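A structural walkthrough
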Amino acid sequence: MQRVVILFPGALGDVLLALPTWRILRQRHVGAYLTIAVSDPLAGLVAACGVADAVERIDAPAVAGLFSGGPLPPWLEGRPAVYSWFGASDPEARARLLGAAAGLVLAQVERAPDGPHAAAAYARHVGAAPSLAELAASSGVPVGARMGAQVAAGSGPVLTVHAGAGAAGKRWPPADVRELVAWWRQRGGRIPGNPRVLPAS
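Just so you know, these numbers come straight off a predicted model, no measurement behind them. (Residues numbered from 1 in each chain as written. Predicted model: local features only at pLDDT ≥ 70, side-chain atom pairs only at ≥ 80, totals over all residues. Heavy atoms only, no water.)

1. Details of the overall build of the chain
From N to C terminus, the chain includes eight helices and five strands. From first element to last, N terminus to C terminus, the chain shows the α and β order β-α-β-α-β-α-β-α-β-α-α-α-α. Partitioning the contacts of the chain with sequence separation of at least 6, the portion at a separation of at least 24 is 55%. For the chain, the exposed surface amounts to about 11100 Å²; the carbon and sulfur share of it is 58%. (Helix = DSSP H or I, 4+ residues; strand = E, 2+ residues; numbered from the N terminus. Contact = heavy atoms within 4.5 Å. Areas by Shrake-Rupley, 256 points an atom, 1.4 Å probe, with all protein chains shown as cover.)

2. Here's the deal with the sheet that holds strand 4 (residues 81–84)
One open sheet holds the five strands; their spatial order is 3-2-1-4-5, and the pairing between them is parallel. Either end of the sheet is taken by a strand with one partner, and the two such strands are strand 3 (54–57) and strand 5 (103–106). The average undirected angle you get between the axes of adjacent strands in this sheet is 15°. Here strand 4 runs beside strand 5; their pairing, made up of four bridges, is parallel. Its bridge partner lying in strand 5, S84 is registered against L106. Sheet strands in contact with helix 1 (residues 12–28) are strand 1 (3–7), strand 2 (33–38) and strand 4, and its direction is about 160° off that of strand 2. (Pairing = 2+ DSSP bridges. Axes fitted to C-alpha atoms, helices over the stretch in contact; angles between N-to-C directions.)

3. Things to note about the side chain of H29
Mapped onto the elements of the fold, H29 is located in the loop between helix 1 and strand 2. Judged by its relative accessible area of 10%, H29 falls in the buried class. At 2.7 Å, the side chain of H29 forms a polar contact with the side chain of Y83. (Buried < 20%, exposed > 50% of the residue type's maximum accessible area, 1.4 Å probe, protein only. Polar contact = N/O pair within 3.5 Å; in protein donor to acceptor, adjacent residues only side chain to side chain.)

4. A short note on the nonpolar core
Membership of the largest hydrophobic core comes to 29 residues, with the highest contact counts inside it found for I6, F8, W22, I36 and W85. At the level of secondary structure, the elements contributing two or more residues to this core comprise strand 1, helix 1, strand 2, strand 4 and helix 5 (118–125). Apart from the residues lying within four places of it in its own chain, the contact partners of W85 are I6, L7, F8, P9, T21, W22, A107, Q108, V109, Y122, H125 and V126. Grouped together as the second largest cluster of nonpolar side chains are 13 residues, V5, I58, L66 and F86 included. (Core = buried A, V, L, I, M, F, W, Y, C linked by side-chain atoms within 4.5 Å.)

5. Focus: the packing of aromatic side chains
Overall, the coordinates contain five aromatic pairs when judged by the stated rule. Geometrically, the ring pair formed by F8 and W22 is edge-to-face, given 5.4 Å between the ring centres and 80° between the ring planes. Here W22 lies in helix 1 and F8 lies in the loop between strand 1 and helix 1, a separation of 14 residues in the sequence. On the accessibility criterion, W22 (1% relative accessible area) is buried. (Phe/Tyr/Trp six-rings, centres within 6.5 Å; stacked < 30°, edge-to-face > 60°.)

6. Structural notes on the pattern of salt bridges
A side chain of one charge can pair with a side chain of the opposite charge if their charged atoms are brought near each other. Under the defined criterion, the tally for this structure stands at three salt bridges. For R26, the salt bridge goes to D53, with nearest N and O atoms at 3.1 Å. One end of the pair, R26, is in helix 1; the other, D53, is in the loop between helix 2 (43–48) and strand 3, with 27 residues separating them in the sequence. Using a relative accessible area of 21% as the deciding quantity, one classes R26 as partly exposed. For D53, a relative accessible area of 43% translates into the label partly exposed. Among the ionic pairs, D40 bridges to R57, the shortest N-O distance being 3.8 Å. Here the residue D40 occupies a position in the loop between strand 2 and helix 2, and R57 occupies one in strand 3, the gap between them amounting to 17 residues. According to the relative accessible area criterion, D40 is partly exposed, its value standing at 42%. (Salt bridge = Lys/Arg side-chain N within 4 Å of Asp/Glu carboxyl O.)

7. As for the confidence of the model for the chain
A low pLDDT means the predicted coordinates there should not be read in detail. When pLDDT is averaged along the chain, the result is 84; 82% of the residues meet or exceed 70. The low-confidence segment residues 197–201, where pLDDT is below 50, has eight contacts with residues more than four positions distant or belonging to other chains. (pLDDT = per-residue confidence, 0-100.)

8. Comments concerning the environment of A95
Following the sequence through the fold, A95 ends up in helix 4 (residues 91–100). Expressed as a C-alpha distance, the spacing of A95 and F67, which sit 28 residues apart in the sequence, is 9.6 Å.

9. Side note on the side chain of R23
Mapped onto the elements of the fold, R23 is located in helix 1. No salt bridge is formed by the buried R23; its nearest oppositely charged neighbour, D53, is found at 13 Å. Those residues within four positions of R23 in sequence are excluded, and the remaining contacts are C49, V51, S138, S139, G140 and P142. (Lys, Arg positive; Asp, Glu negative; His and termini not counted.)

Structure follows, in structure tokens:
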């Protein structure tokens, strides 16, 4: 059985933007055993998306072998096809990935403020060029049991707001988020649970 490994060190927003590309790779490698390595806090989300057969931690001690010359993680054994957004700027990691992989696509997590939409850029990294509409259609995250119960208990659309971002330049002002939430509620939308009130500044 062919094995495919995706290494992705990005944060929550990056993962959501890369998800359509991972689904493209899932379709490209039909029947392969697909492993995705992400940071520990995101492992549960990535597993819930149903793209991977296995989800590993990219911040696990075993991954240090890419940079130290030590043993590689077990999921890099057997010369899998590797798509990595991890290690592109480190010559030793790049060389070790080249040596371990039957085929390697190496790129970096999108950080440029200009250029194509990040979701489109991720797809281009793997040689795909879907439209933004196609990317949006394949970007959905399955609703977990807890949220599903909350949605089923009510009626109408549900809005979930994640107001944070790793980079200050990506953060929407709290006042704008509050305005969006108020607009949503005025038009009959719901926010399930007990959302935390955003600070004034």
